[in-house]
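# Residue-level structural notes
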Amino acid sequence: MSLDLIAVRQQVEQIARDAGALVLERFHQPLNIEFKHRHDVVTDADKASEALIVAALMDAYPTHHLVGEEGGGQGAPADEAEYFWYIDPIDGTANYASGIPTFTVSIGLGDRDDNALVGVVYQPTADELFSAAKGHGATLNGQPIHVRHTPDINDAMLGIGSPFGAKAAHYSEVATGVRGVRGFGSAALHLAWVASGRLDGFFESGISRWDVWGGMCVVEEAGGVVTDYRGERSPKMLNGEAFLACTPGIHAELRRRLAPLSP
Ligand code: IPD
Ligand code: CA
């Protein structure tokens, strides 16, 4: 059964806003923080946000399969489902737990062929909602957005992530000569900002589908390119193992610099 992507997008925008409101309310209260391992934290708010999103999606799409950072696995079994949801209830939990306001709720929809169909990234502290549906463009709070035109990497502002602080050192060569390098601690936010022309590119390795699927659709619909470090749309990119998103003008140079770092 094919989906009305415009209607789905509208529905997911509301779900992301509701989850964002929950997360924001708890941001100013004492948090219960647990450690999944030394550098990976989870709070009650992550769990409550995921529960809200899962309940809403299951109600609307019981035959889809859900993949969530704090659990997932609901809905139809993965080998039977036609559609897949990738849910990050708080992307940037380390920021959230430290009182840093750059965190997002990220929700993406894909099909069996790994097409990104719908993506929503919501930053509740800024009340900015980035969204897209395949073939229907990308928006920020309802206004169309597009990647920035940057033909020369020396003029580029890049966003980087370093999962659990492990891989920061080898990123410095990639960023040689660029205008600026920024790390805001939420892969989904970096992607939303590439889509809206605040950043020219973003790359990170060792992340997960729930980190990137919401933002991936937004970048693609805003005219950006999303590949792995070798310039391919491969499982490495789709699974977040080596993920590059940028404005088209700097893609060739970025993948040339990143290819030697490909896992
Ligand atoms: C993390 C953020 C961060 C990235 C990490 C992710 P989480 O997600 O996206 O920017 O560097 O690799 O794990 O754990 O806060 O949802
Ligand atoms: Ca995440």
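Shown above is the structure to which this text applies.
Now for a quick tour of the structure. (Residues numbered from 1 in each chain as written. Chains lettered and ligands numbered in written order. Predicted model: local features only at pLDDT ≥ 70, side-chain atom pairs only at ≥ 80, totals over all residues. Heavy atoms only, no water.)

### Digging into the coordination of the calcium ion (ligand 2)
Ideal donor angles around a metal are set by the shape: a four-donor tetrahedron calls for 109.5 degrees, a six-donor octahedron for 90 or 180 degrees. Here the calcium ion (ligand 2) is held by E69 (OE), D88 (OD), D91 (OD) and D211 (OD), and the distances to it run 2.0 to 3.2 Å. Each of the six donor atoms around the calcium ion (ligand 2) contributes to a set of angles spanning 60 to 161 degrees, which defines the coordination as irregular. Sequence positions of the residues that donate to the calcium ion (ligand 2) give the spacing E-x18-D-x2-D-x119-D. Pair noted here: E69 is in the loop between β3 (65-68) and β4 (83-91) and D91 is in strand β4, with a separation of 22 residues, a long-range link. Judged by its relative accessible area of 19%, E69 is buried. (Donors = N, O, S within 2.8 Å, 3.2 Å for Na, K, Ca; no water. Tetrahedral: all angles 85-135°; square planar, octahedral: opposite > 155°, others 65-115°. Helix = DSSP H or I, 4+ residues; strand = E, 2+ residues; numbered from the N terminus. Buried < 20%, exposed > 50% of the residue type's maximum accessible area, 1.4 Å probe, protein only.)

### Comments concerning the packing of helix α5 (residues 187-195) against helix α6 (residues 209-221)
Close contact between α5 and α6 brings their axes to 8 Å; oriented N to C, the two are set at 5 degrees. In terms of their interaxial angle, α5 and α6 are classed as roughly parallel. Contacts from A187, A188, L191, V194 and A195 of α5 reach α6 at D211, V212, G215, M216, V218 and V219. Class assignment for the residues of the contact of α5 with α6 results in nine nonpolar, one polar and one charged. (Axes fitted to C-alpha atoms, helices over the stretch in contact; angles between N-to-C directions. Parallel < 35°, antiparallel > 145°, perpendicular 65-115°, else oblique. Contact = heavy atoms within 4.5 Å. Nonpolar A, V, L, I, M, F, W, Y, C, P; charged D, E, K, R; others polar.)

### Here's the deal with the packing of aromatic side chains
Within this structure, the stated rule accounts for seven aromatic pairs. Pairing F184 with W193 gives two aromatic rings, centres 4.7 Å apart and planes at 75 degrees, and the pair type is edge-to-face. Look at W193 and you get buried, because its relative accessible area is 12%. Put simply, the rings of F27, Y96 and F103 touch in pairs and so form one group of aromatic residues. (Phe/Tyr/Trp six-rings, centres within 6.5 Å; stacked < 30°, edge-to-face > 60°.)

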